[in-house]
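Next come the chains, spelled out residue by residue.
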Amino acid sequence: MATISSSFLQTPYQLSPHLFKPHQISTKRAVFFKVQAAKLPAGVELPKSQPKFQAPFLGFTKTAEIWNSRACMIGLIGTFIVELILNKGILEIIGVEIGKGLDIPL
């Protein structure tokens, strides 16, 4: 027998609306249910152990970092192409005067 469990239902109202009374205060609690199949399809194997999930640190996941680096590469190449076509640096294009150094009087 294969067993699948889920905890996406959060309130009793979602599970059974006819049992929920509007004047009652709803407390959020997880509702679990199980679905059992008579037999697994051919070629499907149950995992030997549950995978260990680690929550990402402040959103730094591998997928997010891959997409960030791809966007950075596209932006950098785009900047090079704009500089090549206009024959000016990106700072000159946006109006920053360059070539004077810091221009600090001593």
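Residues numbered from 1 in each chain as written. Predicted model: local features only at pLDDT ≥ 70, side-chain atom pairs only at ≥ 80, totals over all residues. Heavy atoms only, no water.

Description of the packing of aromatic side chains
Right, on to step 1. Applying the stated criterion across every chain yields a total of zero aromatic pairs.
Right, on to step 2. Residue placement shows R70 over the ring face of W67; its charged tip is 4.9 Å from the ring centre. (Phe/Tyr/Trp six-rings, centres within 6.5 Å; stacked < 30°, edge-to-face > 60°. Lys NZ or Arg CZ within 6 Å of the ring centre and 35° of its normal.)

Looking at unusual backbone geometry
Right, on to step 1. Phi angles above zero are rare outside glycine, and L58 is one such case at about 50°.
Right, on to step 2. With respect to the helices and strands, L58 occurs in the loop between β2 (31-37) and α2 (62-86).
Right, on to step 3. For L58, a relative accessible area of 69% gives the class exposed.
Right, on to step 4. A positive phi angle, close to 60°, is found at N87, a residue other than glycine.
Right, on to step 5. When its relative accessible area of 69% is taken as the criterion, N87 is described as exposed. (Helix = DSSP H or I, 4+ residues; strand = E, 2+ residues; numbered from the N terminus. Buried < 20%, exposed > 50% of the residue type's maximum accessible area, 1.4 Å probe, protein only.)

Overview of the confidence of the model for the protein chain
Right, on to step 1. Mean pLDDT over the protein chain works out to 76, with 72% of the residues at or above the 70 mark.
Right, on to step 2. Model confidence for the protein chain, summarised as mean pLDDT per element, is weakest for helix α1 (residues 12-15) at 44 and strongest for α2 at 95.
Right, on to step 3. Scored below 50 in pLDDT, residues 8-15 shows 19 contacts in the model against residues more than four places distant or in partner chains. (pLDDT = per-residue confidence, 0-100. Contact = heavy atoms within 4.5 Å.)

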